Structure formats: C-alpha cells, structure tokens
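# Remarks on the overall topology
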Amino acid sequence: MGTRTTVSVAAGKSAASSQPKVGALIRARRRQLQMTLQELCDAAGISVGYLSQVERDHATPSLGTLAQIARSLDVGVDYFISAPGVEEGQTRASERNKFSVDGSSIVYERLGADFAGNVLSSFLLTIPAGYRSETVSHEGEEIVYMLEGAVTFRIDGDEITLSAGDSFHFRGNSPHAWANETGEVARLLWTGTLPLFRSSHPARPALRSSKAEPGKKTSRKTTKMKEGLS
C-alpha cells in the first residue's frame, strides 16, 4: 500500500508540473493592453475570482476558457502554450536582416525574438553622421551600449556624450533626445522594454528591409513608430 501511494503522489506531481503555466503570461498580456481584471472578465465571460486564481497559477483554465481569454486579449491560444525554440532566439551576424523605417536614415538589425510574454526588445543601430532625433518620453526603460563612434544624449536638461565602450541606462518617461554630432558613422546596441517595432497583436508591422523577398507584399496593418531609439 505504501509503495502504491508513493507512486500515485509522484505521478500526480509529474502531471501537475507538465501543465503549462499560463497565469503570468495572461497577466502580462492584460497589462500590456492596459486592461483591468474586470474588463478582461467581462470580455471573456468569466469571474474575477477565477481569473485572479488563473493569473496566480492557482487554477488551470480549460482549453475552451483559455480560448475565450486569448480572444479577449487579441491573441491565439498558442500565444500562451507555445514555447520558443532555440532557433527562434538566436541570430547570426552574417544572416541578420537589416532594415530601416520609412523616412529614417538609421539602419536597424533585430537581435531580440518575439515570443509569448517577452518584454525586451534589442537592436543594433547604425547612425549616420549628423543625425538628430526628436524629443520623446514613454513608459519603460532603455539601455544603450556604444560600439563605434559617439552619440550625445540629452535627458531632462542634462547632456552626456557616449563613446565606444560607454553605456547609458535610463527611464523612458524622462524627456530625451540624442544625436550623432560627429562626422563619422556611429553604431550602438539598444535594449529596452519599449516594444519597438512590435505591435500589440500577432501581425508584425511592415518594414523597409534590405532583404525583402521578391514579389512578397507587406501588410498594411502597420504600427506607427517614432524615428530613432524611442
């Protein structure tokens, strides 16, 4: 009897651990859309108490309920249950897609991957001499690491110039702008919680790419982004 009980408990723990933990992903997506618990519950047809338990992983929703929640959050069910593969998270220096936004002279290289619940974006930026951004502010934070050249940042009335090897970490809600005031091209690594070039739904914004596929039409569902880091 003792042996059977041990096996049963172990099997139960194994089954529980194999169930996908979707609570944190649901909460992160809800907050990304600035929805309250009540608003999501009203849209999905579930109770606040139950959703609160789901978000804390104290309850596991059925596939049908998860589909209702996903639909209310404007994503597919696979957003919460699909895990990114190794291939999706890596980039190769010789294969990275380089692109620029319409009207911008900056060249971007995407480093980060898009997967359920991710909050970081990361890019390599090549900035031409004389470039100046507009002044912006937003939620989240940013980290900049200079690879080549120099860029001058202006934030809350202060001014700093970063050269190769220098870094700068700041909150995005402080009004900030930056410029390459030198006669040389600058390159930097940008990482932040600002969803740069990532829309609030699965469809990605159309970008002008240096490796555009011949004959492939880009979606007209684009996300308006400000030029530059912000």
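Residues numbered from 1 in each chain as written. Predicted model: local features only at pLDDT ≥ 70, side-chain atom pairs only at ≥ 80, totals over all residues. Heavy atoms only, no water.

What follows is about the pattern of salt bridges. For the coordinates displayed, the defined rule picks out 7 salt bridges. The shortest N-O distance in the salt bridge between E109 and R96 comes to 3.1 Å. With E109 in strand 2 (residues 107-110) and R96 in the loop between helix 7 (86-89) and strand 1 (98-100), this residue pair connects regions lying 13 residues apart in the sequence. Each member of the pair, E109 as well as R96, carries the same accessibility label: buried. With its nearest N and O atoms 2.5 Å apart, the salt bridge here joins E181 to R154. With E181 in the loop between strand 8 (176-179) and strand 9 (186-192) and R154 in strand 5 (residues 150-155), this pair connects stretches of sequence that are 27 residues apart. Salt bridges linked by common partners bring R96, E109, E148 and R187 together as one network. (Salt bridge = Lys/Arg side-chain N within 4 Å of Asp/Glu carboxyl O. Helix = DSSP H or I, 4+ residues; strand = E, 2+ residues; numbered from the N terminus. Buried < 20%, exposed > 50% of the residue type's maximum accessible area, 1.4 Å probe, protein only.)

As for its placement among the helices and strands, S122 is situated in strand 3 (residues 121-127). Of the polar contacts made by the side chain of S122, one reaches the side chain of T191; its length is 3.0 Å. If sequence neighbours within four positions are ignored, S122 has contacts with E109, R110, L111, G112, L189, W190 and T191. (Polar contact = N/O pair within 3.5 Å; in protein donor to acceptor, adjacent residues only side chain to side chain. Contact = heavy atoms within 4.5 Å.)

Let us now look at unusual backbone geometry. Phi at D74 is positive, roughly 65°, even though this residue is not glycine. Its location among the elements puts D74 in the loop between helix 5 (63-72) and helix 6 (78-81). The class for D74 is partly exposed, based on a relative accessible area of 45%. Phi angles above zero are rare outside glycine, and D156 is one such case at about 50°. Take D156: it is sitting in the loop between strand 5 and strand 6 (158-163).

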